[in-house]
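Summary of structural features
As a plain string of letters, each chain reads:
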Amino acid sequence: MTMDCKSVMEILGAWLDGEIGARESEAIRFHLESCASCRAAKLRLERVEESLSAAVKAQASDVSWPQFWSGVERRIREESERRERLWSWLRPGSYLRRLAWAVPLAVVCLLVILLAEQYFFRWRLGPNLSSVAAVESIDGHGFNLALFGEDETNTTLIWLFLDEEEDEPSAEVPVADTTF
Amino acid sequence: MHEKFKRLGFILPRVANKSVDSSVKKEQKVVVDLSDRELVRKCQAGNLEAFQGLVAKYYQRVLMVVLGIVRDRDDAMEVAQEVFYKAYSRIRHFRGRSTFYTWLYRIAVNQCIDFRRRQKREPAESNEGMDEVPDEHGRNPSDVIESAEFLKRLYAAMESLTPEHKAVIVLRAVEGLSYKEISSILGCSEGTVMSRLHYARKRLQEKLAPYL
């Protein structure tokens, strides 16, 4: 199997990484022996990667263990303290203690909101009392009176029921005697 | 500190060495993995000292990966420390389906990508940390200047890559991981790793052409 420069350049990196099959690998080795320009390309590739590796390693080795660990430990400690605070806030005992003042506070807040709504804002949170209609009835002697008042439309209806028994002439009324 | 961890049975940070014979490398890896499993198990039971052992073992390797992706040294420190903090808080969810370091690198790469995205949204005031070149004692001054210049160009070329491309090149060139391991860390196929590596290498070569 023979390879040209273009094909070699396509897989030269993978070949250096040892990720190429035995047959292709052998063909590249054979090509490199006879091709100066591909050999130079291989050297360039190696130089870049070796320089990068050396630079990064040198920088990392400058960092001391205590310096590094203190940063990791600080993060772990801070997180653990944060969890501790959260847990103490949620713990049942302290939760009930907090409820002791939280319930009256909630009631007061609710009252304030309702009063504010009634007197200042008219958010209509509660029942709409202005649209409630009322029917009243008055029983009188010989009549019944019913009143219906509705505020929103300013309407008042009055029913007057007369006692039917009173209207009809009584059967027991003495008929005039015409026998004189 | 190192003595303390030796006593506790921890293995100190091991930097991938390409010259090491492959059989020796394999043997080392098995020992490291078994030890990791034991340490992870202890961490899951809430043992902070075991976690300290894991950090001691991997902090330099994680830092190297982070430095390769996040340019500034101080930022890289912050990100790497955040990686270990995240690993600590999530270790209960680690089921051992992958190796511990694969899992750790996955957190590291994701953290770096998030950091770079945040940084893009809020541009930093100064980003010159990586321009500091490593000490080059005992070398010819002209070589030092030349290599310092080359490194500056190399960092600039790296900046032209996306965090995903940087991640593949760092995991391969610095950590020496296989395509399979990289694909497991990045959650993509080996083919994608291969094509990203090819692109990243090509791009770096183009940017550095006058200096090579």
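In the block above lies the structure referred to throughout.
Criteria and thresholds
- Residues numbered from 1 in each chain as written.
- Chains lettered and ligands numbered in written order.
- Predicted model: local features only at pLDDT ≥ 70, side-chain atom pairs only at ≥ 80, totals over all residues.
- Heavy atoms only, no water.
- Phe/Tyr/Trp six-rings, centres within 6.5 Å; stacked < 30°, edge-to-face > 60°.
- Helix = DSSP H or I, 4+ residues; strand = E, 2+ residues; numbered from the N terminus.
- Buried < 20%, exposed > 50% of the residue type's maximum accessible area, 1.4 Å probe, protein only.
- Contact = heavy atoms within 4.5 Å.
- Buried area = accessible area lost by both parts, 1.4 Å probe.
- Polar contact = N/O pair within 3.5 Å; in protein donor to acceptor, adjacent residues only side chain to side chain.
- Nonpolar A, V, L, I, M, F, W, Y, C, P; charged D, E, K, R; others polar.
- Axes fitted to C-alpha atoms, helices over the stretch in contact; angles between N-to-C directions.
- Parallel < 35°, antiparallel > 145°, perpendicular 65-115°, else oblique.
- Left-handed = near helix turned anticlockwise from the far one by under 90°.
- Expected span 1.5 Å × (residues − 1).
- Pairing = 2+ DSSP bridges.

Quick word on the packing of aromatic side chains
Here the distance between the centres and the angle between the planes together describe a pair of aromatic rings. Inspection of the entire model under this criterion finds eleven aromatic pairs over all chains. When the ring of W69 of chain A is compared with that of F51 of chain B, the centres are 6.4 Å apart and the planes differ by 50°; the resulting orientation is tilted. A residue pair is termed interchain when its members come from two chains, as with W69 of chain A in helix α4 (residues 65–90) and F51 of chain B in helix α3 (residues 48–69). A single burial state applies to W69 of chain A and to F51 of chain B, both of which are buried. The interplanar angle of 50° and the centroid separation of 5.8 Å between the aromatic rings of Y58 of chain B and F100 of chain B together place this pair among those described as tilted.

Digging into the interface of chain B and chain A
Chain B puts 48 residues into the contact, and the matching count from chain A is 35 residues. Interface of chain B and chain A: buried area, both sides summed, is about 4,000 Å²; carbon and sulfur atoms make up 66% of it. Considering only the surface of chain B that becomes buried against chain A, Q81, Y85 and R201 of chain B emerge as the three largest contributors, covering 14% of it. Counting across the chain B and chain A interface gives 17 residue pairs in polar contact (both at pLDDT 80 or more). Of the residues that constitute the side of chain B that touches chain A, the class distribution is 34 nonpolar, eight polar and six charged.

Brief notes about the packing of α4 of chain A against α3 of chain B
Running from N to C, α4 of chain A and α3 of chain B cross one another at 125°; their axes reach a closest spacing of 10 Å. One finds that α4 of chain A runs oblique with respect to α3 of chain B. As α4 of chain A packs across α3 of chain B, the resulting crossing turns out to be right-handed. Residues W65, F68, W69, V72 and I76 of chain A of α4 of chain A touch α3 of chain B, and the partners they reach there are L48, F51, Q52, V55, A56, Y59 and L63 of chain B. The residue makeup of the contact of α4 of chain A with α3 of chain B, split by class, is eleven nonpolar, one polar and no charged.

A word on the environment of E49 of chain B
Residues and elements named next belong to chain B. Its place among the elements puts E49 in helix α3. Overall, the relative accessible area of 39% leaves E49 in the partly exposed class. Sequence-wise, E49 and L39 are ten residues apart; in three dimensions their C-alpha atoms are separated by 9.2 Å.

Some words on helix α1 (residues 5–16) of chain A
Compared with the 16 Å implied by 1.5 Å per residue over twelve residues, the 16 Å span of α1 of chain A between its first and last C-alpha is a close match. Every buried residue of α1 of chain A is listed here: V8, I11, L12, G13, A14 and W15 of chain A. Those residues of α1 of chain A that are buried are in contact with α2 (22–34) and α3 (36–61) of chain A together with α8 (179–186) and α9 (190–208) of chain B. Looking one or two residues beyond α1 of chain A, the residue adopting positive phi is G18 of chain A, at roughly 75°.

So, the pairing of strand β3 (residues 155–162) of chain A
For a regular strand, side chains alternate in direction, first toward one face of the sheet and then toward the other. All names here are of chain A. Counting buried positions over the eight residues of β3 gives zero, only a small fraction of the element. Looking at chain direction, strand β2 (residues 143–150) and β3 are connected through eight bridges and run antiparallel. Across the sheet, residue F148 finds its bridge partner in β3, namely L157. Hairpin connection, β2 to β3: the antiparallel pair is bridged by four residues, and N154 has positive phi, about 55°.

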